[in-house]
Amino acid sequence: MVTLKHPALAQPETRTTSWARPLARFMQRNGAGLLFLTPAILVFAFFVWYPMVYGFVLSFQKNAFYGTPSFVGFQNYLFVLHDFNFWTAWRNSALYALYGLLIGYLIPIVLAVVINEVRRGQGYFRLAFYLPVIVPPIVTVFLWRYLYEHDGGLINSLLSLVHIGPQPWLQSPGTALPSLVIVTTWANMGGTVLIYLAALQGIPAQLYEAAEIDGSTVWQRIRHITLPQMRGIMLILLLIQLIATVQIFTEPYTLTNGGPDHATLTVMLMIYQYAFASGNFGAASALGVILFLVLVVLSLGYFGITRRFNRGVE
Amino acid sequence: MASRPSGTSPLSRRALMRNAAAAGISIVGLDLLAACGGSSGSNVTFSTNELPAASNPAQVKIYQNYVQAFEQNHKGVHINALADAYNTQTYFTKAAARSQEDLVDAPFTDPQLMIARGTVADISSQAKQQSFFNSYTQSALAIASSGGKVFGLPYAGYQLGLMFNISLIKAAGLDPNTPPKTWDDFRAYAKQIASKTGVPGYVELTNQNTGGWHLTNWIYTGGGDLESGSGSSAKAVFSNDVAVAWLKNLQAMKFQDHSVFNDVLVGYNDALQIFGTGKAAMVVEASDTLPALQTAYQADMKNIGLWPMPQSPSNPGNATLSGGHVYVFKAGDSSDVLSAAVDWASYYRFDLTVIENSTVQAAASGLPVGFPTATIFTGSYQEQLLGISKKYANLPVDNYTLYANSGLSLRPEPPVQTQAMYGALDSVVQAVLGSGSAEPQAELNKAQQAFQATLSSGG
Amino acid sequence: MQQTIRWRRRTMRQQDADSYERSIVSALEWDKPSFKVARWVMFGLLLLGTTLTVGPLLWMATGALKPAIEIFRTPPEIWPSTVEWSNYVRAWQQLNSLRYLLNTAVLAAVAVVLQLAVSATAAYSLSKLKPIFSNVLLFFFLSTLMVPAIAYLIPQYFTVVHLPIFGISLINSWWAIWLPEAANAFNIIILKSFFDTIPNELSEAAKIDGANSLQIFLRIILPNSLPALAVVSMFTIFATWKDFLWPLLVLNDPNSQNVSVSLYQQAIAQNSYQPLNVLLAGFVIATIPPIIIFLIFQRQIMRGVVTTGLKG
């Protein structure tokens, strides 16, 4: 077969410019994806990334807002690093995160699995455990002050019924931090329980059927089906909860405000105090940047470990 | 002092008129009084943050009546009133964006920080033109002044005193008319109350910066100081003998006498709740908490009395700390706006007839009237203020006579980084109350060293 | 495309019958006598747990009926000595409740729509479409969770007062609430995790049938993630409900404020002095709509859509 190769019938490509074809390919591959990302990118750019960068720049300034701003290099960072309470605050935040994971990470998973199993009252349980999230923070403060009161508070009264002496709870430096973690777990676990409940819905029934036919026990089913199926969401929530716990502010601020005697002074509280008690926004931003860097390193390490874990399993 | 009615009962206009007529005052003549300021002539608008919350429609209406009266007699002035009750966080955030209100009603504790940060305007010239200005006491002026310039107008000051539960005092065999004069007396009283009634004699505030606030007060009663110098060369000097002596006293009260309320963390509202529900017999408070005790906690006002602050036995300072409200004005406003705003403040807060009307309205709606205010004014103006308060008092004023006539001088708060200092001192008080073996001197030294860093950095 | 949908529905119906009952423990096993003890123990522990969470709400509700001085009495009494129903009436009147509840309802409703428009689309793209730079973008989104909000509160306020490029002010407009709230990396990440569990074969099959990305998003991804969407929507609604510092900053007009701000003005702001029991009554009233909303939405988590057996 003879093909006519008349110049007039030449391929269209030679007529277009050299970048059009790769561009078309690029758009075909990425166009939809980028388009779908546009709303998020716009909103984040204006209301989060820009303020964040602005805040970062502020950490190198003094008197940024009131009066004449001046660049002071790393002075704010040095001030923060040399603060008397700097290491105390980091220790407390780390302890808080640790307690938070021990108490606040496992409990929602267990609750979700159990709630998903019971045949009656699922709706009631779902609502009941979510209630603390709905209750206004002011009420939470009233409530837990009342519960934790040393003489005659509800918890100590109940303990005395079983002949356990009154505990100091928030009043003693040794027990204040765990007591706070209990309050924040109580206040926030409802949301996590819901997320896990939603994830549990996605586990196909056939898997359980097959396992049961194979004669597995309930524990085996949980270990080999439930947990692996939820692994994705469990892992990501671990990281997010860690990040979020380090940034908890409302309950510590209203219940103990760093007391007693700095026992519950967290990095977040320090940032707040720099910003609004001292009006020193440069220091607040500097400490915020330091916190950010620590969390970034943490997450990168976390992704490294989990990727290796995933690769090993798959 | 001129407490605003909080609308606990719907106040019909007719009822108001009836009560006002009974009191011999005509509210209808309000607008005539507003003319005293004179009109400013040009078109000026300014914003205020003191509009009562929308949940109190009666109060809102009353406020708006005053606004209308003022506007009618100051042609060209328009007031944009917002219900934006003062909050440190929102104020400084807005100030950063230069969008705070032109006239802000703030507590005594913040103006010095505002002045340091440059968020408030110098109103010296406008202030000096006001008739009541010369009646200010020196310490009152110091609250919102710096370097000889006036930045704010304090009103409604309250001095800290020792509030006590009359029935518990009597049950312990003590006399409500014999206040404890020194720290030793005070300690003895608390001990007696605890042993005779089983109720803690005293509850100390320790949290949310109130610990430092109260410690400052006690140090003042011992003639001690907390800061010296000003600006970035200020020095923290609160680790001194007076402070150590008081803290040792407090610690002994807690761990030897067992007369102090058990909790180590006690915030402002916590203390009100504890005292108001009879869980402690004495607490250091200012008289402006009486409305809260009556309305929020529904405490029996006849059962609450006020004594002056006990002084140090060895070195009486004859002083106490004060709290209250102050008007501040937005930095960068034109002098026209500032004049109009100062005129309004002068009318609404300091004009005697307006004050009397407000008092009548407050009394009519069942709010507590007649609790003693700190003397931020002297002379005939002060006399007249006292007269109004006495005339419409619906509180058992006799319970407070000792406090009102104490003659203690009012010291202003330490000006540099006040809130941060209070926060640092909170830990000291918490440590001392948390353990019988805590060393007050060591704790004070620690806090002073940490706080000095804040001072030296210029904040 | 149609085939895919029909196929999905068919398998759904097939499984609905036993998937509803079936999770770790089958219906049969559950009824076995050996399970009875375990059943009661589980149930009992759950109930005990709920006393910790429901108890406070009851305390709030009954506290609102007590004279203020009784509320904090220790040891606590459950029923008030004199019942004051009038506190609830007063709270309703003084809260000007209807307006604030309506405001909050509108705020929450639009917030949910925006949330889905912003977060679901981004999650879809990051999960399924994976354009270039998506990992970088994912990290940028995640990083916003790691910066303490206080540190950029003031710059964020600046942005709202004077929007860069456009130069308009959003103060006093509800957009000042909606737009910053739509930027929520937590929701993006949660949704992405859920979308990841939807098998790619579904969208592959649809693509073969000629569907474009938008159709796949609307007809396959979203319907298969109703539980996750319900959860994210609920979080958004409650966040809007409870949010008070930011509305306090940006909404100066009292007519446009939400319930939490008005409660705050009542409780904390100077000179408001509401009796404690009326305040508690106000809180209880403010808590009821979220409970109702929760009850409506939570059915979505119950009857989830089950993915097909292609997984695993």
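Definitions and limits used
Residues numbered from 1 in each chain as written. Chains lettered and ligands numbered in written order. Predicted model: local features only at pLDDT ≥ 70, side-chain atom pairs only at ≥ 80, totals over all residues. Heavy atoms only, no water. Domains from an automatic or database assignment. Contact = heavy atoms within 4.5 Å. Buried area = accessible area lost by both parts, 1.4 Å probe. Salt bridge = Lys/Arg side-chain N within 4 Å of Asp/Glu carboxyl O. Polar contact = N/O pair within 3.5 Å; in protein donor to acceptor, adjacent residues only side chain to side chain. Helix = DSSP H or I, 4+ residues; strand = E, 2+ residues; numbered from the N terminus. Nonpolar A, V, L, I, M, F, W, Y, C, P; charged D, E, K, R; others polar. Patch = residues over 30% accessible without salt bridge, like charges linked within 9 Å, V, L, I, M, F, W, Y side chains within 5 Å. Areas by Shrake-Rupley, 256 points an atom, 1.4 Å probe, with all protein chains shown as cover. Buried < 20%, exposed > 50% of the residue type's maximum accessible area, 1.4 Å probe, protein only. Pairing = 2+ DSSP bridges. Axes fitted to C-alpha atoms, helices over the stretch in contact; angles between N-to-C directions. Parallel < 35°, antiparallel > 145°, perpendicular 65-115°, else oblique. Left-handed = near helix turned anticlockwise from the far one by under 90°.

Overview of the domain arrangement of chain A
Residue and element names in this part refer to chain A.
Part 1 of the argument: When cut into domains, chain A gives domain 1 (46-82 + 280-314) and domain 2 (83-257).
Part 2 of the argument: Taking only C-alpha atoms, the centre of domain 1 and the centre of domain 2 are 28 Å apart.
Part 3 of the argument: Of the residues lining the interface, 18 residues belong to domain 1; the matching set on domain 2 comes to 13 residues.
Part 4 of the argument: In total, about 1300 Å² of surface goes out of reach between domain 1 and domain 2, with carbon and sulfur atoms giving 74% of it.
Part 5 of the argument: Together, Leu291, Leu295 and Tyr302 form the three largest contributors to the area buried by domain 1 at its contact with domain 2, with a combined 37%.
Part 6 of the argument: Remark: the boundary between domain 1 and domain 2 carries zero salt bridges.
Part 7 of the argument: Taken together, domain 1 and domain 2 are joined by four residue pairs in polar contact (both at pLDDT 80 or more).
Part 8 of the argument: Put simply, the parts of the chain that give the side of domain 1 that touches domain 2 at least two residues each are α2 (75-81) and α13 (281-313).
Part 9 of the argument: Top element by residues in the side of domain 1 that touches domain 2 is α13. It accounts for 13 residues.
Part 10 of the argument: Its residues assigned to classes, the side of domain 1 that touches domain 2 shows 13 nonpolar, four polar and one charged.

As for a nonpolar patch on the surface
Part 1 of the argument: The grouping of Trp19(A), Leu23(A), Phe26(A), Met27(A), Ile132(C), Phe133(C), Val136(C) and Phe140(C) at the surface amounts to a nonpolar patch, some 800 Å² of accessible area in total.
Part 2 of the argument: Broken down by element, the residue count for the nonpolar patch peaks at three residues, all from helix α1 (residues 20-58) of chain A.
Part 3 of the argument: In this fold, Phe133(C) is placed in the loop between α5 (97-129) and α6 (134-143).

Details of the pairing of strand β11 (residues 304-307) of chain B
Along a regular strand, successive side chains alternate from one face of the sheet to the other.
All names here are of chain B.
Part 1 of the argument: Of the two faces of β11, the one lined by Ile304 and Leu306 and the one lined by Gly305 and Trp307 are each fully buried.
Part 2 of the argument: Alignment of strand β6 (residues 152-165) against β11, held across four bridges, turns out to be antiparallel. In the sheet register, Met163 faces β11, and the bridge partner there is Leu306.

A few points about the environment of Tyr63(B)
Residue and element names in this part refer to chain B.
Part 1 of the argument: Its location among the elements puts Tyr63 in helix α3 (residues 57-73).
Part 2 of the argument: For Tyr63, a relative accessible area of 1% gives the class buried.
Part 3 of the argument: Residues Tyr63 and Asp426 lie 363 residues apart in sequence; the distance between their C-alpha atoms is 38 Å.
Part 4 of the argument: Reaching out from Tyr63, the side chain makes a polar contact with the side chain of Thr48 at a distance of 3.4 Å.

Some details on the domain arrangement of chain C
Residues and elements named next belong to chain C.
Part 1 of the argument: In terms of domain boundaries, chain C breaks down into domain 1 (22-92) and domain 2 (96-308).
Part 2 of the argument: Each partner contributes residues to the interface: domain 1 has 16 residues there, and domain 2 has 16 residues.
Part 3 of the argument: Between domain 1 and domain 2, a total of about 1300 Å² is buried, with carbon and sulfur atoms accounting for 79% of that surface.
Part 4 of the argument: The tally of links from domain 1 across to domain 2 stands at zero salt bridges.

Looking at the packing of helix α9 (residues 205-213) of chain A against helix α10 (residues 218-246) of chain A
Packed helices, taken two at a time, are described by the angle between their axes plus the distance between the axes.
Residue and element names in this part refer to chain A.
Part 1 of the argument: Viewed as axis vectors pointing N to C, α9 and α10 meet at an angle of 165°, and their least axial separation amounts to 10 Å. Taken as axis vectors, α9 and α10 run roughly antiparallel relative to one another. The handedness of the crossing between α9 and α10 is right-handed. Each of Leu207, Tyr208, Ala211 and Glu212 in α9 lies in contact with α10, whose residues at this interface are Arg221, Ile225, Thr226 and Gln229.
Part 2 of the argument: Taken together, the residues that form the contact of α9 with α10 break down as four nonpolar, two polar and two charged.

What to know about the pairing of strand β12 (residues 319-329) of chain B
All names here are of chain B.
Part 1 of the argument: The buried fraction of β12 is high, at eleven of eleven residues.
Part 2 of the argument: Sheet analysis places strand β3 (residues 103-107) next to β12, joined by five bridges and oriented antiparallel. The residue bridging Asp105 from the neighbouring strand is Tyr327, located in β12.
Part 3 of the argument: Note: β6 against β12, seven bridges, orientation antiparallel. Its bridge partner lying in β12, Tyr158 is registered against Gly323.
Part 4 of the argument: Of the pairings in the sheet, the one linking β12 to strand β13 (residues 409-411) comprises three bridges and is parallel in character. Across the sheet, residue Ala319 finds its bridge partner in β13, namely Ser409.

A short note on the interface of chain A and chain C
Part 1 of the argument: Between chain A and chain C, the residue contacts involve 104 residues of the former and 108 residues of the latter.
Part 2 of the argument: The tally of links from chain A across to chain C stands at zero salt bridges.
Part 3 of the argument: Between chain A and chain C we count ten residue pairs in polar contact (both at pLDDT 80 or more) in total.
Part 4 of the argument: Considering every element that reaches the side of chain A that touches chain C, the biggest residue donor is α1(A), with 23 residues.

Considerations on the pattern of salt bridges
Part 1 of the argument: One pass over the structure, following the stated rule, counts ten salt bridges over all chains.
Part 2 of the argument: A salt bridge links Asp263(B) to Arg145(A); its shortest N-O distance comes to 3.3 Å. You can see Asp263(B) sitting in the loop between α11 (241-255) and α12 (268-276) and its partner Arg145(A) sitting in helix α6 (residues 137-148), one on each of two chains.
Part 3 of the argument: Close ionic contact of Asp270(B) with Arg145(A) constitutes a salt bridge, the shortest N to O distance being 3.2 Å. Here Arg145(A) lies in helix α6 and Asp270(B) lies in helix α12, a pairing that spans two chains. A single burial state applies to Asp270(B) and to Arg145(A), both of which are buried.
Part 4 of the argument: Because the salt bridges share partners, they merge into one network encompassing Arg145(A), Asp263(B) and Asp270(B).

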